[in-house]
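So you can see what is in the structure, the chains are spelled out below.
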Amino acid sequence: MVTTSPQQQVPAIPADQALEMIDGGAVLIDIRELNEWQAGHAPMAVHIPMSALGSGLSQLDKNAPTIFICRSGRRSDSAVAALVGAGYNAINLLGGMQAWQQAGGSVVRDDSTPGMVI
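In this report, the structure presented in the accompanying data block is examined.

Rules used in this analysis
Residues numbered from 1 in each chain as written. Predicted model: local features only at pLDDT ≥ 70, side-chain atom pairs only at ≥ 80, totals over all residues. Heavy atoms only, no water. Buried < 20%, exposed > 50% of the residue type's maximum accessible area, 1.4 Å probe, protein only. Core = buried A, V, L, I, M, F, W, Y, C linked by side-chain atoms within 4.5 Å. Helix = DSSP H or I, 4+ residues; strand = E, 2+ residues; numbered from the N terminus. Polar contact = N/O pair within 3.5 Å; in protein donor to acceptor, adjacent residues only side chain to side chain. Contact = heavy atoms within 4.5 Å. Pairing = 2+ DSSP bridges. Right-handed = clockwise from strand over helix to strand, strands pointing away.

Located in the positive-phi region is Ser 112, a residue other than glycine, with phi close to 70°. Assessed through its relative accessible area of 60%, Ser 112 is described here as exposed.

Another point: the nonpolar core. If you look at the biggest cluster of nonpolar residues, it comprises 18 residues, and the most contacted ones within it are Ile 13, Met 21, Leu 28, Ile 67, Ile 69, Leu 93 and Trp 100. Contributing elements (two or more residues each) for this core: α1 (15-23), β5 (66-69), β6 (90-93) and α5 (96-102). Formed by 13 residues, the second largest nonpolar core is a distinct cluster that contains Val 10, Leu 53, Phe 68 and Leu 83.

Further remarks concern the side chain of Arg 32. Structurally, Arg 32 can be placed in the loop between β3 (27-30) and α2 (34-39). At 3.3 Å, the side chain of Arg 32 and the backbone oxygen of Glu 36 are in polar contact. Those residues in contact with Arg 32 that lie beyond four places of it in its chain are Trp 37, Gly 40, His 41, His 47, Pro 49, Ile 69, Cys 70, Arg 71, Arg 75, Met 97 and Ile 118.

Inspection of the sheet shows β3 paired to β5 by four bridges, in the parallel sense. From the neighbouring strand, Val 27 faces β5, where its bridge partner is Thr 66. In terms of strand pairing, β3 meets strand β4 (residues 46-47) through two bridges, oriented parallel. Paired with Ile 29 across the strands is Val 46, a residue of β4. For the crossover from β3 across α2 to β4, the handedness is right-handed.

Following this line, the structure appears as structure tokens:
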């Protein structure tokens, strides 16, 4: 069940539910900066840094459930608030990559070796 985050009352889900939604076809967008992405990311994530999100919107299906993730969930909460306001089916992943990893989500580097969350 999608809830709202306490920061801005935007749609938000815990990591275990995000894993299920992604298995069901939802898209995961990682908005962290390049050095964070290179250190480790979810293997199925699409990288669109928050600084490039405006120009990256053309890659998104406005109606498809799209989960946004950062390190802790704060940057993605802000991004989701703006995207929901623009009519996107955007959802914040509560706790970010830290929660993702704690819930058993894989963290890899671009070469598929184990990564880490920074």
